[in-house]
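# Descriptive analysis of the structure
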Amino acid sequence: MLRRLGTLIVISFAAAWLLAMPSVLPHVFRTQTRLADLLHRTARAIDASAWVTQTELARIEDLAAFPEDDLLRRLARSVGMLRITLTDTAGKTITFLCTATLIARDTVLTNQHCIEKQASTDRVTLELWLDHVGEAATIHPVDPLPLEEDGELDYAVLRLARSPEMSLPLPWPRFQLRAAVTGERLFILHHSGGNPLQVTRAHCRVTAPDATRRTVVRHSCATQTGSSGALLIAERDHAIVGLHRAIRRSHETSRGIATAATVLHAKSTVLSRPMPK
């Protein structure tokens, strides 16, 4: 008797499930379809993002491939890799890499965010690696106390920690600041990814000065971590139109953000005066 009752209950549930199938199956099918569509779009977005990154990295050229008398190699002599090493009280160290430019014989320009973490550590060491085109480099100690800095505009002016026996390197040959022109060609000399000196020229343009933030210039030049602090240099007259500070990536586009050179000139007491030779 109990076995028959159990069988009837199972049959009843099965019948109810079969009756509900016409209304349930469309929902199941739609859910599966939406999930498959979501997975497909996500995969496409990941593939597109990877393609964008690979394409952009192909635009970055190693300066070691250029002849030593090439103009870009000559200009790059004042561009270096800024190594920021932080040491805590326990002796643990961490190193950050940025790009910096010697704008006078003992004065260096970079991003403020490259040095902002030093206030929270016990000891900080800054070094400017110049002539770092291959494996070798000329290393110059840098005073960690900035001459001038601004977190909002993201720039910092530093000074080389000179010693009597240290020979001073040559600064940027023509330090001219001006406004960026939408669409004009640029190039960037930088240590992207902490690599020896590189240059980005292909598809490197001013996309637009930011209409909502006049302090910002947007550009299409390929950069990576380590490129922060590099100058945006106009191809036609080698004037400086911005200081690269960040990059914004999506699955379709990648745009660089720089502080406008005109804003730096207006704000900075160091950059607004003629550079000593």
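Up top you'll find the structure we're talking about.
Scope of this entry: the structure provided in the associated data block. As the structure is a computational prediction, the values presented were derived from the model and not from experiment. (Residues numbered from 1 in each chain as written. Predicted model: local features only at pLDDT ≥ 70, side-chain atom pairs only at ≥ 80, totals over all residues. Heavy atoms only, no water.)

### Quick look at the pattern of salt bridges
Using the following cut-off: Put simply, a salt bridge is a Lys or Arg side-chain nitrogen that is within 4 Å of an Asp or Glu carboxyl oxygen. Numbering of helices and strands starts at the N terminus; helices are DSSP runs of H or I of at least 4 residues and strands are runs of E of at least 2. Summary of the burial criterion: residues with accessible area below 20% of their type's maximum are buried, those above 50% are exposed, and those between are partly exposed, where the area comes from a 1.4 Å probe applied to protein chains only.
Using the criterion set out here, one finds six salt bridges in the structure. Close ionic contact of Glu184 with Arg236 constitutes a salt bridge, the shortest N to O distance being 3.5 Å. Residue Glu184 is found in the loop between strand S7 (155-160) and strand S8 (186-190), and its partner Arg236 is found in the loop between strand S12 (231-234) and strand S13 (240-249); the two are separated by 52 residues along the sequence. What makes Glu184 buried here is its relative accessible area of 9%. Take Arg236: its relative accessible area is 61%, and that puts it in the exposed class. Residues participating in the shared-partner salt-bridge network are Arg178, Glu184, Arg236 and Asp237.

### A look at the pairing of S8
How we decide: Note on pairing: DSSP must find at least two bridges between two strands before they are called paired.
Burial within S8 is extensive, with five of its five residues counted as buried. Both S8 and S12 contribute to a ladder of two bridges, which runs antiparallel. Paired with Leu186 across the bridge in S12 is Ala234. Where S8 lies against strand S9 (residues 198-200), three bridges are found, and the strand directions are antiparallel. From the neighbouring strand, Leu189 faces S9, where its bridge partner is Val199.

### So, the side chain of Ser227
The criterion, for reference: In this description, contact between two residues means that some pair of their heavy atoms is separated by no more than 4.5 Å.
With respect to the helices and strands, the residue Ser227 is situated in the loop between strand S11 (216-219) and S12. In this structure Ser227 comes out as buried when scored by relative accessible area, which is 0%. The contacts of Ser227, once residues within four sequence positions are left out, are Thr99, His190, His191, Ser192 and His244.

### Considering the nonpolar core
Quick note on the threshold: Residue types Ala, Val, Leu, Ile, Met, Phe, Trp, Tyr and Cys, when buried and joined through side-chain atoms within 4.5 Å, form a set referred to as a nonpolar core.
Membership of the largest hydrophobic core comes to 41 residues, with the highest contact counts inside it found for Leu63, Leu109, Trp172, Phe175 and Leu189. Contributions of two or more residues to this core are made by helix H2 (71-75), S7, S8, S12, S13, strand S14 (254-260) and helix H3 (261-267). In this structure Leu189 touches Leu63, Leu72, Leu75, Ala76, Val79, Thr99, Trp172, Leu197, Gln198, Val199, Ala230 and Ile233, once residues within four positions along its chain are discounted. Of all hydrophobic cores here, the second largest spans 17 residues; its members include Leu82, Ile84, Leu130 and Ala156.

### Considering the state of the cysteines
The test is simple: The rule for a disulfide is simple: a pair of cysteine sulfur atoms within 2.5 Å.
Evaluated as defined, the whole model comprises two disulfides. With a sulfur-sulfur separation of 2.0 Å, Cys98 is cross-linked through a disulfide to Cys114. Since a negative S-S torsion denotes a left-handed disulfide, the Cys98-Cys114 link at about -95° is left-handed. Of this pair, Cys98 sits in strand S3 (residues 93-104) while Cys114 sits in the loop between strand S4 (107-110) and strand S5 (123-130), placing them 16 residues apart in sequence.

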